[in-house]
Amino acid sequence: MNFNTMCDFCKGSHYFEYSQRLEKIQHIVETYQPDLISLQELRSGQHVNKIFKNLPHYQTVFSQYLLMDYADPTLAFNKEKFTLLDQGQFWLGPKSGDFSLGWKMALPRQVHWVKLKFKDKVFIFASSHLDNRLENLIGSAKMINAFFSKFQVPILFAADTNMTTDMKEYQVLVEDLFINTFNLKESFKVKGAYQDDKDLCYLRKGKVFPACRVDHILISQPKRWKVKEFSIDTNKYGKTFPSDHRPVILSIELN
């Protein structure tokens, strides 16, 4: 699952109280309980712990610095199924992974990754939340490709990229290493009360699906994967969605 949860201070979060939205997000995660989860715009470890408080079989990964957490993005994986072999983090910016505010000043952005083993299968699961300034998008696309190209194992990269597929920055992101799982899906489903194209989209990016997509799940070594089903949850809670993004749920197998 990849889901940008819309932070507690973001524009639009006033639709209803963040504590209520967090309960709805918690409900979504508990309903699907996917093996691998990538969440964006959680601000603190307290928010992460709220979502996973009833799910002790998950191990969560986010940045923690003494008294401060930076939980955008947060990874979670089923620790009863996967063995953690390695993990890492790097900041997106011109300083080769050191803390940075980007190529053009913005909120700090980072990538988290874990190397996991299931039986005899080893792969990388990674996530990020890219800044929407074009200078930062192009720099991030190049840096992500350069970093992950050194791994020999398959990679699953789930992120809010802030890129639609017609953008040149997106083309840089996928030109060498990655392929979008949406393009390889065997089936596509809408889970919930389908309304119109806008309900499938990030509300501020457009109204036409699938051109509006910015939340992408990418893979390397596509021959190693079988993309079975790509689905989007459009359930509303009351009259509103729990976020301006939609949860993207992928059914995928590693050969």
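Residues numbered from 1 in each chain as written. Predicted model: local features only at pLDDT ≥ 70, side-chain atom pairs only at ≥ 80, totals over all residues. Heavy atoms only, no water.

## Side note on empty space enclosed by the protein
In total, this model carries 2 cavities of 30 Å³ or more according to the counting rule given. For the largest cavity, the full set of lining residues is Leu200, Cys201, Tyr202, Cys212, Arg213, Val214, Asp215, Ile232, Arg246 and Val248. Within the lining of the largest cavity, the residues separate by chemical class into 7 nonpolar, no polar and 3 charged. Quantified by volume, the second largest cavity comes out at close to 50 Å³. Around the second largest cavity, the lining residues are Leu92, Leu101, Gly102, Trp103, Ala106, Leu107, Arg109, Asp131, Asn136 and Ser140. Split into classes, the residues belonging to the lining of the second largest cavity amount to 5 nonpolar, 3 polar and 2 charged. (1 Å grid on protein atoms, 1.4 Å probe; cavity = no way out; pocket = protein on both sides within 12 Å on 5 of 7 lines; lining within 4 Å. Points joined across faces, edges and corners; volume = space filled by probe spheres on them. Nonpolar A, V, L, I, M, F, W, Y, C, P; charged D, E, K, R; others polar.)

## A look at the pattern of salt bridges
Applying the stated criterion across every chain yields a total of 6 salt bridges. Among the ionic pairs, Glu135 bridges to Lys104, the shortest N-O distance being 3.7 Å. Here Glu135 is found in helix 3 (residues 134-148), whereas its partner Lys104 is found in the loop between strand 5 (83-91) and strand 6 (110-118), with 31 residues between them in sequence. The exposure class of Glu135 is partly exposed, given its relative accessible area of 39%. Accessibility expressed as a relative area gives 38% for Lys104, which makes it partly exposed. Between Arg109 and Asp131 there is a salt bridge, with the nearest N and O atoms lying 3.3 Å from each other. Within this pair, whereas Arg109 is found in the loop between strand 5 and strand 6, its partner Asp131 is found in the loop between strand 7 (121-129) and helix 3, the two being separated by 22 residues in sequence. Judged on exposure class, the residue Arg109 and its partner Asp131 are both buried. (Salt bridge = Lys/Arg side-chain N within 4 Å of Asp/Glu carboxyl O. Helix = DSSP H or I, 4+ residues; strand = E, 2+ residues; numbered from the N terminus. Buried < 20%, exposed > 50% of the residue type's maximum accessible area, 1.4 Å probe, protein only.)

## Side note on the nonpolar core
Counting 27 residues, the largest nonpolar core has Ile144 and Phe148 as its most contacted members. Contributing elements (two or more residues each) for this core: strand 6, strand 7, helix 3, strand 8 (155-160) and helix 4 (168-174). The greatest single-element share of this core, amounting to 6 residues, is contributed by helix 3. When residues no more than four places from it in sequence are discounted, the contact partners of Ile144 are Leu92, Val111, Leu130, Phe157, Leu173 and Phe178. Counting residues in each nonpolar core, the second largest holds 25 residues, with Leu36, Leu116, Phe209 and Val248 among its members. (Core = buried A, V, L, I, M, F, W, Y, C linked by side-chain atoms within 4.5 Å. Contact = heavy atoms within 4.5 Å.)

## Points about helix 1 (residues 18-32)
With 15 residues, helix 1 extends 21 Å from end C-alpha to end C-alpha; this agrees with the ideal 21 Å at 1.5 Å per step. What helix 1 keeps buried is the set Tyr18, Arg21, Leu22, Ile25, Gln26, Ile28 and Val29. End-on, the buried residues of helix 1 take up no more than an arc of 155°, which puts them together on one face. Considering only its buried residues, helix 1 is in contact with strand 1 (2-4), strand 2 (36-40) and helix 2 (45-51). Directly after helix 1, the chain includes Gln33, whose backbone phi takes a positive value near 40°. (Expected span 1.5 Å × (residues − 1). Arc of directions from axis to C-beta.)

## Topic: the pairing of strand 4 (residues 68-78)
By the criterion of burial, strand 4 is predominantly enclosed, with 9 of the 11 residues buried. Bridging between strand 2 and strand 4 involves 4 bridges; their strand directions are antiparallel. Bridging across to strand 4, Leu39 finds its partner in Thr74. For strand 3 (residues 58-65) and strand 4, the ladder comprises 7 bridges, and the chain directions are antiparallel. (Pairing = 2+ DSSP bridges.)

## Focus: the packing of aromatic side chains
For any pair of aromatic rings, the description consists of the separation of the ring centres together with the inter-plane angle of the planes. For the coordinates displayed, the defined rule picks out 20 aromatic pairs. Over the ring of Phe118 we find Lys81, and its NZ or CZ is 5.9 Å from the ring centre. Across from the ring centre of Phe182, 3.6 Å away, lies the NZ or CZ of Lys185, which sits over that ring. (Phe/Tyr/Trp six-rings, centres within 6.5 Å; stacked < 30°, edge-to-face > 60°. Lys NZ or Arg CZ within 6 Å of the ring centre and 35° of its normal.)

## Observations concerning a nonpolar patch on the surface
Together, Phe99, Leu101 and Met105 make up a nonpolar patch on the protein surface, roughly 320 Å² of accessible area in all. Relative to the helices and strands, Phe99 is located in the loop between strand 5 and strand 6. Taking relative accessible area as the criterion, Phe99 reaches 49% and is therefore assigned partly exposed. (Patch = residues over 30% accessible without salt bridge, like charges linked within 9 Å, V, L, I, M, F, W, Y side chains within 5 Å. Areas by Shrake-Rupley, 256 points an atom, 1.4 Å probe, with all protein chains shown as cover.)

## Some thoughts on the state of the cysteines
Simply put, disulfide is the name for a covalent bond between the sulfur atoms of two cysteines. All chains considered together, the criterion is met by 1 disulfide. Sulfur-sulfur distance for the disulfide between Cys201 and Cys212 comes to 2.0 Å. Judged by the torsion about the S-S bond (-80°), the Cys201/Cys212 disulfide is left-handed. On the criterion of sequence distance, the pair formed by Cys201 in the loop between strand 10 (187-191) and strand 11 (215-219) and Cys212 in the loop between strand 10 and strand 11 is long-range, its members being 11 residues apart. Each member of the pair, Cys201 as well as Cys212, is classed as buried. (Disulfide = S-S within 2.5 Å.)

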